[in-house]
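An overview of the molecular structure
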Amino acid sequence: MLNIVLFGPPGAGKGTQSERLIQKYGLTHLSTGDLFRKHLGEGTDLGKLARTYMDKGHLVPDQVVISMVEDKINSTKESKGFIFDGFPRTTAQAEALDTMLGNNQMKISGMIALDVPKEVLKERIKERGKTSNRVDDQDEEKINTRIKVYLDETLPVAKYYENQGKFKHVNGVGEIEEIFQEISEVIDSY
């Protein structure tokens, strides 16, 4: 089973590349953003709780995220594997994910980080905000907060997977197809 963590700051292109990887490798997309929107749209208790944090540009607490992720994994056990898009965001989440996967005789194959400069990220997020109706993509202060939170709190997750020998960098700036080919080469090496 192929389980890939696609890693990078907001606006790095994780969603765009995930779509292509799903088609090529037959993986199930697991995006915490999508899970949050599903729960928010359905008005679940988890969704309401997540909203209070997202509206401030902060990370949703681990237990809420892990509950959503575990539910998704358990409901798609027939999958060839998962592409984790935007999760795990903290070392504690990475540890919890490894434990949960291990309990199901699964593991993370590798983490691929999309590297994109801060100014490019801001431009991409603002552009996405024009078409996505995502309020958090339209507010400069929230964008800056999300990038800062990523740098301060999420970046250590890369070190966690690097210590396991599962971490690779990919340049996230350029033509979508070129970035996809570089990611595919990394995945094909697993």
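Refer to the structure printed above.
Residues numbered from 1 in each chain as written. Predicted model: local features only at pLDDT ≥ 70, side-chain atom pairs only at ≥ 80, totals over all residues. Heavy atoms only, no water.

On to the nonpolar core. Val69, Ile73, Phe84, Leu97, Met111 and Tyr161 are the most contacted members of the largest nonpolar core, which has 31 residues in total. No other element matches the six residues that helix H4 (residues 62-75) contributes to this core. Beyond its immediate stretch of four places on either side in the chain, Ile73 contacts Leu30, Phe82, Phe84, Met100 and Leu101. Residues Leu2, Leu6, Val116 and Leu121 belong to the second largest nonpolar core, which totals 21 residues. (Core = buried A, V, L, I, M, F, W, Y, C linked by side-chain atoms within 4.5 Å. Buried < 20%, exposed > 50% of the residue type's maximum accessible area, 1.4 Å probe, protein only. Helix = DSSP H or I, 4+ residues; strand = E, 2+ residues; numbered from the N terminus. Contact = heavy atoms within 4.5 Å.)

Moving on: the side chain of Thr76. By the secondary structure assignment, Thr76 is in the loop between H4 and strand S3 (81-85). The residues touching Thr76, leaving out its near neighbours within four places in the chain, are Thr28 and Phe82.

This next bit is on helix H1 (residues 14-25). For H1, built from 12 residues, the straight-helix expectation of 16 Å at 1.5 Å per residue is met to within 8% by its first-to-last C-alpha distance of 16 Å. Of the positions making up H1, those classed as buried are Lys14, Gln17, Ser18, Leu21 and Tyr25. Projection of H1 onto a plane perpendicular to its axis shows the buried side chains occupying an angular sector of 105°, all on one side. Within H1, the exposed residues directed more than 90 degrees away from the buried face are Glu19 and Gln23. On the buried face of H1, the contacting elements are strand S1 (2-7), strand S2 (28-31), S3, strand S4 (110-115) and helix H9 (176-188). (Expected span 1.5 Å × (residues − 1). Arc of directions from axis to C-beta.)

Moving on to the pairing of S1. Burial of S1 is extensive: six of the six residues sit out of reach of the surface. Side chains Leu2, Ile4 and Leu6 project from S1 onto one buried face, and the interleaved Asn3, Val5 and Phe7 project onto a second face that is buried too. Pairing of S1 with S3, which is carried by five bridges, proceeds in the parallel orientation. Among the inter-strand pairings, Leu2 is bridged to a residue of S3, identified as Gly81. (Pairing = 2+ DSSP bridges.)

Before going further, it helps to spend a moment on the packing of helix H7 (residues 140-154) against helix H8 (residues 156-163). Where H7 meets H8, the closest approach of the two axes is 6 Å, and the angle between their N-to-C directions is 35°. Seen from H7, the contacting residues are Asp152, Glu153 and Thr154; seen from H8, they are Pro156, Val157 and Ala158. Class assignment for the residues of the contact of H7 with H8 results in three nonpolar, one polar and two charged. (Axes fitted to C-alpha atoms, helices over the stretch in contact; angles between N-to-C directions. Nonpolar A, V, L, I, M, F, W, Y, C, P; charged D, E, K, R; others polar.)

Evaluation of the coordinates by the stated rule reveals nine salt bridges. A salt bridge links Arg51 to Asp55; the nearest nitrogen and oxygen atoms lie 2.8 Å apart. On the basis of relative accessible area, Arg51 is assigned to the partly exposed category, the value being 36%. Taking the relative accessible area as the measure of exposure, Asp55 reaches 36% and is therefore partly exposed. In this structure, Glu127 engages Lys130 in a salt bridge whose closest nitrogen and oxygen atoms are separated by 3.4 Å. Placement of both Glu127 and Lys130 in helix H6 (residues 118-132) is noted, with a separation of three residues, approximately one turn of the helix. (Salt bridge = Lys/Arg side-chain N within 4 Å of Asp/Glu carboxyl O.)

Right, let's get into unusual backbone geometry. Located in the positive-phi region is Gln105, a residue other than glycine, with phi close to 55°. Relative to the helices and strands, Gln105 is located in the loop between helix H5 (91-103) and S4.

Here we take up the packing of aromatic side chains. Across all of its chains, the model carries four aromatic pairs by this definition. With centroids separated by 6.5 Å and ring planes inclined at 40°, the aromatic side chains of Phe84 and Phe87 adopt a geometry described as tilted. Judged by relative accessible area, which is 1%, Phe87 ranks as buried. Between the aromatic rings of Tyr160 and Tyr161, the centroid separation amounts to 5.1 Å while the plane-to-plane angle is 85°, which identifies the pairing as edge-to-face. Accessibility assignment for this pair places Tyr160 and Tyr161 in one class, buried. A cation over a ring is seen here: Arg20 above Phe180, with NZ or CZ 5.5 Å from the ring centre. (Phe/Tyr/Trp six-rings, centres within 6.5 Å; stacked < 30°, edge-to-face > 60°. Lys NZ or Arg CZ within 6 Å of the ring centre and 35° of its normal.)

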